[in-house]
Amino acid sequence: MGKSTLFNRLTGTRRSIVTNESGITRDRIYGKAEWRGKSLEIVDTGGIVPDDKALIPTEILRQAHVAIKKAALLVLVVDSQAGVTPLDQELARLLRTTGKPFVVAVNKVDAVSQEVNAAVFHSLGVPVFPIAAEHGTGVDDLLDAALAEVGAVESEEEQEKEGAVEVAIIGRPNVGKSTLLNRMAGEERSIVSPIPGTTMDNVDMEVTREGRTYRFVDTAGIRRKAKTTLVAEKLSVVMARRGLERCDVALLVVDGEQGVTQGDAQIASYAEESGRSVIIVINKWDLAVVAARDAASRDADSAQGKSRRPAGERHRPEDFDSGKLAFDYEKMIRGKLKFLSYAPIVFLSAKTGERAGKLFPLIDQVAEARRRHIPTPELNRWLKEDVDLQRGTTPKARPVRIYYITQAKTAPPTFLLFSNQKEPMHFSYERFLENQLRAKYAFLGAPVRFVQRLRKREPRPRKNKDEE
């Protein structure tokens with residue numbers, strides 16, 4: 001019908017994915033509209049089919065009911081070219097039972113001559129507004145009606161909360177990102193289903209905990225381009241990358257049952273390249289422990305397992321050491337994601353909430369480390385007294401001398417080096433410097449960048465033939 005197109009038009013953004021494919025919007029998408037010096041909160045919902053008993057349509061209807069319950073004005077978007085359909089009449093009856101004021105936005109009225117197509121919708125008994133969401137025609141009248149109905153606030157009062165930590169939840173499809181958002185938010189904010197690719201749009205949610213504000217972004221599952229078929233799927237991956245680039249901290253969610261895959265490593269590289277701080281979240285840890293315990297029991301009951309035990313000793317499943325499993329699992333992750341050696345790892349279950357309480361303090365630590373600034377005198381003292389530059393020099397290479405170091409910026413921490421080198425330092429030497437820096441200053445979860453000021457090559461004076 002064009003609900004997402006209208007949402008994007010009202011908010012002046014491209015938050016909602018718009019394609020010719022139907023049923024793309026599933027979760028509630030929130031945005032702000034500015035009109036005549038006032039600010040309105042707009043909510044885009046998925047297409048409602050009341051009698052559809054399938055899992056995702058049922059969840060879309062439940063999410064729409066939540067939005068309806070909190071709304072001051074409801075806008076029923078219909079298609080002028082289709083006329084009044086039985087579904088339009090059913091939805092009008094549904095909205096009338098809520099007791100909330102509602103209007104009808106007749107979309108796809110692209111010319112004045114087509115406004116007559118909107119006349120039939122007066123039969124629904126509510127105000128009708130012919131609009132063209134794609135071009136913006138008629139949207140001003142709709143906004144005027146909205147201001148007359150609802151209590152809007154002055155725009156200057158609608159300032160973003162200072163110090164809010166932007167957190168993106170990223171990962172492959174169906175690893176539990178939406179479940180984790182719902183757990184952190186304390187409500188069913190995102191639709192959760194066993195069907196991979198349920199989330200299409202980026203879903204934002206503000207959470208206030210102990211006086212601190214966090215803005216979580218649940219992104220669509222990122223997969224290889226060859227694996228995406230619908231245009232909306234391709235767009236959702238682009239939107240997920242965009243959501244990642246505007247965050248401070250990225251929660252990389254990995255399926256604990258499957259372990260780290262090539263897809264996880266690729267997504268992790270996106271986060272590292274974009275300079276985001278990273279926390280690796282091993283989700284479904286409860287299921288991973290059960291699977292490992294069952295595997296250990298099967299191994300113990302085999303002939304080979306029995307031969308390893310002393311005579312008369314029986315295997316006891318309760319003796320299974322989940323701590324050792326976590327240690328071995330972390331070692332495996334570090335081996336596969338060597339470029340994220342600085343990222344902390346959390347084992348949790350988003351569904352049951354087990355260990356989920358550890359995430360908020362860890363996000364605070366990582367966000368603080370990301371914005372940490374070290375004074376220049378302190379940095380140069382560390383360089384002079386604690387770092388043996390020759391220890392990191394590669395054989396046969398020119399000895400490295402760093403004359404001066406200063407922190408150029410934060411988020412991520414970036415350091416400017418003045419050295420005697422005429423060529424960029426080898427990556428192994430940069431890694432050596434980074435390890436030394438992290439040993440002194442704990443930049444937990446934050447990538448560290450080095451920018452080198454190279455020594456200019458002095459041109460050799462050319463000999464004159466007369467001098468020869």
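Each remark here, short or long, concerns the structure printed above.
Residues numbered from 1 in each chain as written. Predicted model: local features only at pLDDT ≥ 70, side-chain atom pairs only at ≥ 80, totals over all residues. Heavy atoms only, no water.

Observations regarding a positive patch on the surface
Here comes step 1: Together, Arg-398, Arg-401, Lys-422 and Arg-455 make up a positively charged patch on the protein surface.
Here comes step 2: You can see Arg-398 is positioned in the loop between helix H12 (376-385) and strand E13 (402-409).
Here comes step 3: You can call Arg-398 partly exposed: its relative accessible area is 39%. (Patch = residues over 30% accessible without salt bridge, like charges linked within 9 Å, V, L, I, M, F, W, Y side chains within 5 Å. Areas by Shrake-Rupley, 256 points an atom, 1.4 Å probe, with all protein chains shown as cover. Salt bridge = Lys/Arg side-chain N within 4 Å of Asp/Glu carboxyl O. Lys, Arg positive; Asp, Glu negative; His and termini not counted. Charge placed at Lys NZ, Arg CZ, Asp CG, Glu CD. Helix = DSSP H or I, 4+ residues; strand = E, 2+ residues; numbered from the N terminus. Buried < 20%, exposed > 50% of the residue type's maximum accessible area, 1.4 Å probe, protein only.)

A closer look at the environment of Ala-64
Here comes step 1: Mapped onto the elements of the fold, Ala-64 is located in helix H2 (residues 55-70).
Here comes step 2: Overall, Ala-64 belongs to the buried group, its relative accessible area being 2%.
Here comes step 3: C-alpha separation for the pair Ala-64 and Ile-48, spaced 16 residues apart in sequence, amounts to 7.7 Å.
Here comes step 4: Beyond its immediate chain neighbours, meaning those up to four positions away, Ala-64 contacts Thr-45 and Ile-48. (Contact = heavy atoms within 4.5 Å.)

With respect to helix H5 (residues 177-185)
Each full turn of the α-helix corresponds to 3.6 residues, which orients residues three or four apart in the same direction.
Here comes step 1: When you tally the buried positions in H5, you get seven out of nine residues, the bulk of the element.
Here comes step 2: Directly beyond the C-terminal end of H5, a positive phi value near 75° is found at Gly-186.

A few points about the pattern of salt bridges
Here comes step 1: Within the structure shown, the criterion is met by 13 salt bridges.
Here comes step 2: The residue Lys-108 makes a salt bridge to Asp-79 at a minimum N-O spacing of 3.3 Å. Placement of the pair is Lys-108 in the loop between strand E4 (102-107) and strand E5 (128-130) and Asp-79 in strand E3 (residues 74-79), with a sequence separation of 29 residues.
Here comes step 3: A cluster of three or more residues bridged by salt bridges with shared partners is formed by Glu-166, Glu-206 and Arg-215.

So, the packing of aromatic side chains
Given two aromatic rings, one states the distance between the centres and the angle between the planes to describe the pair.
Here comes step 1: Under the counting rule described, the total for this entry stands at ten aromatic pairs.
Here comes step 2: An angle of 40° between the planes, with centres 6.1 Å apart, marks the rings of Phe-415 and Phe-450 as tilted. You can see Phe-415 sitting in strand E14 (residues 414-419) and its partner Phe-450 sitting in strand E15 (residues 449-453), a full 35 residues away along the chain.
Here comes step 3: We classify Phe-450 as buried; its relative accessible area is 13%.
Here comes step 4: What links up through ring pairs into an aromatic cluster is the set Tyr-214, Phe-216 and Phe-360. (Phe/Tyr/Trp six-rings, centres within 6.5 Å; stacked < 30°, edge-to-face > 60°.)

Topic: the sheet that holds E3
Here comes step 1: Read across the sheet, three strands follow the order E3-E4-E5 without closing on themselves; strand pairing throughout is parallel. In this open sheet, the two strands that pair with only one neighbour each are E3 and E5. Direction aside, the axes of adjacent strands within the sheet are offset by 25° on average.
Here comes step 2: In this structure, E3 lies alongside E4, joined through six bridges in parallel fashion. Bridge pairing in E4 links Leu-76 to Val-104.
Here comes step 3: The sheet strands contacting helix H4 (residues 139-149) are E3, E4 and E5, and the helix crosses E5 at an angle near 150°. (Pairing = 2+ DSSP bridges. Axes fitted to C-alpha atoms, helices over the stretch in contact; angles between N-to-C directions.)

Looking at the nonpolar core
Here comes step 1: With 29 residues, the main nonpolar core has Leu-252, Ile-280, Ile-282, Trp-285, Leu-337 and Leu-340 as its most contacted residues.
Here comes step 2: Every element with two or more residues in this core is listed here: strand E7 (165-171), strand E10 (249-255), helix H7 (262-273), strand E11 (277-283), helix H8 (285-301), helix H10 (322-336) and strand E12 (345-347).
Here comes step 3: Excluding its chain neighbours within four sequence positions, the residues that come into contact with Ile-280 are Leu-252, Val-254, Ile-333, Leu-337, Leu-340, Ala-343, Pro-344, Ile-345 and Val-346.
Here comes step 4: Residues Val-165, Val-167, Leu-359 and Leu-362 belong to the second largest nonpolar core, which totals 26 residues. (Core = buried A, V, L, I, M, F, W, Y, C linked by side-chain atoms within 4.5 Å.)

Overview of the environment of Ser-419
Here comes step 1: Its place among the elements puts Ser-419 in strand E14.
Here comes step 2: Judged by its relative accessible area of 5%, Ser-419 falls in the buried class.
Here comes step 3: Taking the C-alpha atoms as reference, Ser-419 lies 7.5 Å from Gln-452; in sequence the two are 33 residues apart.
Here comes step 4: Excluding anything up to four places from it in sequence, Ser-419 contacts Arg-401, Ile-402, Tyr-403, Met-425, Arg-453 and Arg-455.
Here comes step 5: A polar side-chain atom of Ser-419 sits 3.2 Å from the main-chain amide nitrogen of Gln-421. (Polar contact = N/O pair within 3.5 Å; in protein donor to acceptor, adjacent residues only side chain to side chain.)

What about the pairing of E14?
Here comes step 1: Here E14 lies mainly inside the structure; five of its six residues are buried.
Here comes step 2: Sheet analysis places E13 next to E14, joined by six bridges and oriented antiparallel. Bridge assignment links Gln-407 to a residue of E14, and that residue is Phe-415.
Here comes step 3: Connecting E13 to the next strand, E14, in antiparallel fashion are four residues, including Ala-411 with a positive phi near 55°.
Here comes step 4: Summarising the sheet, E14 and E15 pair through five bridges and their orientation is parallel. Bridge assignment links Leu-416 to a residue of E15, and that residue is Val-451.

Concerning unusual backbone geometry
Here comes step 1: Cis geometry marks the peptide bond from Ala-411 to Pro-412; its omega dihedral reads 0°.
Here comes step 2: Considering the arrangement of structural elements, one finds Pro-412 in the loop between E13 and E14.

Some points on the sheet that holds E13
Backbone-to-backbone hydrogen bonds pair the strands of a sheet. The strands run either parallel or antiparallel.
Here comes step 1: Taken together, three strands build an open sheet; the order of strands is E13-E14-E15 and the sheet is mixed. Looking along the sheet, the strands with just one partner apiece sit at the ends: E13 and E15. The mean inter-strand angle of the sheet, taken between neighbouring strand axes irrespective of direction, is 25°.
Here comes step 2: H12 rests against E13 and E14 of the sheet, and its axis sits at about 140° to E13.

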